[in-house]
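These are the residues of each chain, in order.
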Amino acid sequence: NAGVTQTPKFQVLKTGQSMTLQCAQDMNHNSMYWYRQDPGMGLRLIYYSASEGTTDKGEVPNGYNVSRLNKREFSLRLESAAPSQTSVYFCASSLAGQETQYFGPGTRLLVL
Amino acid sequence: GQSLEQPSEVTAVEGAIVQINCTYQTSGFYGLSWYQQHDGGAPTFLSYNALDGLEETGRFSSFLSRSDSYGYLLLQELQMKDSASYFCAVRENNDMRFGAGTRLTVKP
């Protein structure tokens, strides 16, 4: 099992460009999450999906959209990137009712 | 809303014991989790407390006092590889909130 995978690992964007961060898990988990982590800070929840077909906003959803494509995949889209979105983005998944979240390796995004 | 407070840095020597505290304020509380993150790596789950008391997993233990809105992570027999950041986290429904993290440096 690969666990949680994310692509790409690194990305540089210009202000105003769009991109989609991909996340997939092979653990048959119901819930999936997108976080961002800025230097010296904890993770902040952007969006989550409790189950296939549902998505909900987290703490910092502005400037992002998500799609729960199927049970395995949960993508994060930046429609018009801004320098404030420079961050490390982590995807995570968990079984319904379980506290343990399994994180992907992260995507390091730089917006110039 | 939710907020979590934990020390920003802790330093200890190899073989020692260190305690990382976490206080929280939340409108709804299910439990307190702890995660470890090495530099450049992904967070990994360490422990979860839903009820008051101590949970032990090898060299790591975690404690919760719901009445005090307080918990701690206890690391025993410190090893160099324990140098990392440690985050406490609380869940309100499916909305997870993390503390800013405590950077633990283990010295020889």
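Shown above is the structure to which this text applies.
The rules behind each value
Residues numbered from 1 in each chain as written. Chains lettered and ligands numbered in written order. Predicted model: local features only at pLDDT ≥ 70, side-chain atom pairs only at ≥ 80, totals over all residues. Heavy atoms only, no water. Helix = DSSP H or I, 4+ residues; strand = E, 2+ residues; numbered from the N terminus. Rg over C-alpha atoms; globule rule 2.2 N^0.38 Å. Buried < 20%, exposed > 50% of the residue type's maximum accessible area, 1.4 Å probe, protein only. Contact = heavy atoms within 4.5 Å. Areas by Shrake-Rupley, 256 points an atom, 1.4 Å probe, with all protein chains shown as cover. Lys, Arg positive; Asp, Glu negative; His and termini not counted. Charge placed at Lys NZ, Arg CZ, Asp CG, Glu CD. Pairing = 2+ DSSP bridges. Buried area = accessible area lost by both parts, 1.4 Å probe. Salt bridge = Lys/Arg side-chain N within 4 Å of Asp/Glu carboxyl O. Disulfide = S-S within 2.5 Å. Polar contact = N/O pair within 3.5 Å; in protein donor to acceptor, adjacent residues only side chain to side chain.

A. Structural view of the overall build of chain A. Regarding its fold elements, chain A presents 0 helices and 11 strands. Ordered by position in the sequence, the α and β elements of chain A form the string β-β-β-β-β-β-β-β-β-β-β. Computed over the C-alpha atoms, the radius of gyration of chain A is 13 Å, within 12% of the 13 Å expected from 2.2 N^0.38 for a compact globule of 112 residues. If you line up chain A on its principal axes, its C-alpha atoms span 40 × 25 × 25 Å. Burial statistics for chain A: of 112 residues in total, 48% are counted as buried. Relative to all contacts within chain A whose residues are 6 or more apart in sequence, the contacts with residues 24 or more apart total 55%. When the accessible area of chain A is evaluated, it comes to approximately 5,100 Å², of which 49% is carbon and sulfur surface. Positive and negative side-chain charges in chain A, numbering 10 and 8 respectively, have mean positions lying 7 Å apart.

B. Quick look at the pairing of strand S11 (residues 107–111) of chain A. All names here are of chain A. Residues Thr 107, Leu 109 and Val 111 of S11 are buried on one face, while the alternating residues Arg 108 and Leu 110, pointing to the opposite face, are not. Strand direction decides the pairing type here: strand S2 (residues 10–13) and S11, joined by 4 bridges, are parallel. Looking at the pairing, Leu 13 lines up with Val 111 of S11. Bridge count for strand S9 (residues 87–94) against S11 is 3 bridges, and the pairing is antiparallel. The residue bridging Val 88 from the neighbouring strand is Arg 108, located in S11.

C. Broad picture of the interface of chain A and chain B. Of the residues lining the interface, 20 residues belong to chain A; the matching set on chain B comes to 18 residues. In total, about 1,600 Å² of surface goes out of reach between chain A and chain B, with carbon and sulfur atoms giving 55% of it. Broken down residue by residue, the surface that chain A buries against chain B is led by Leu 43, Glu 99 and Phe 103 of chain A, which jointly contribute 36%. Linking chain A to chain B there are 2 salt bridges.

D. Summary view of unusual backbone geometry. Cis geometry marks the peptide bond from Thr 7 of chain A to Pro 8 of chain A; its omega dihedral reads -5°. Mapped onto the fold, Pro 8 of chain A is located in the loop between strand S1 (4–7) and S2. Unlike most non-glycine residues, Asn 28 of chain A shows phi in positive territory, near 60°. Its place among the elements puts Asn 28 of chain A in the loop between strand S3 (19–25) and strand S4 (31–37). Classification of Asn 28 of chain A by relative accessible area gives exposed; the value is 53%. Phi at Ser 69 of chain B takes a positive value of approximately 50°, unusual for a residue other than glycine. Overall, the relative accessible area of 25% leaves Ser 69 of chain B in the partly exposed class.

E. Molecular detail of the state of the cysteines. Residue and element names in this part refer to chain A. According to the stated counting rule, one finds 2 disulfides over all chains in the structure shown. Two residues, Cys 23 and Cys 91, share a disulfide whose sulfurs are 1.9 Å apart. Handedness of the Cys 23-Cys 91 disulfide follows from its S-S torsion of about -70°: it is left-handed. Note that Cys 23 is positioned in strand S3 and Cys 91 in strand S9, a separation of 68 residues in sequence.

F. Inspection of the side chain of Gln 36 of chain B at higher detail. Residue and element names in this part refer to chain B. With respect to the element layout, Gln 36 can be found in strand S4 (residues 32–37). Gln 36 gets classed as buried once you look at its relative accessible area, which sits at 12%. Within polar-contact distance, the side chain of Gln 36 engages the side chain of Tyr 86 at 2.9 Å. Once you skip the residues sitting within four places of it in the chain, Gln 36 turns out to touch Ala 42, Pro 43, Thr 44, Leu 46, Phe 60, Asp 82, Ala 84, Ser 85 and Tyr 86.

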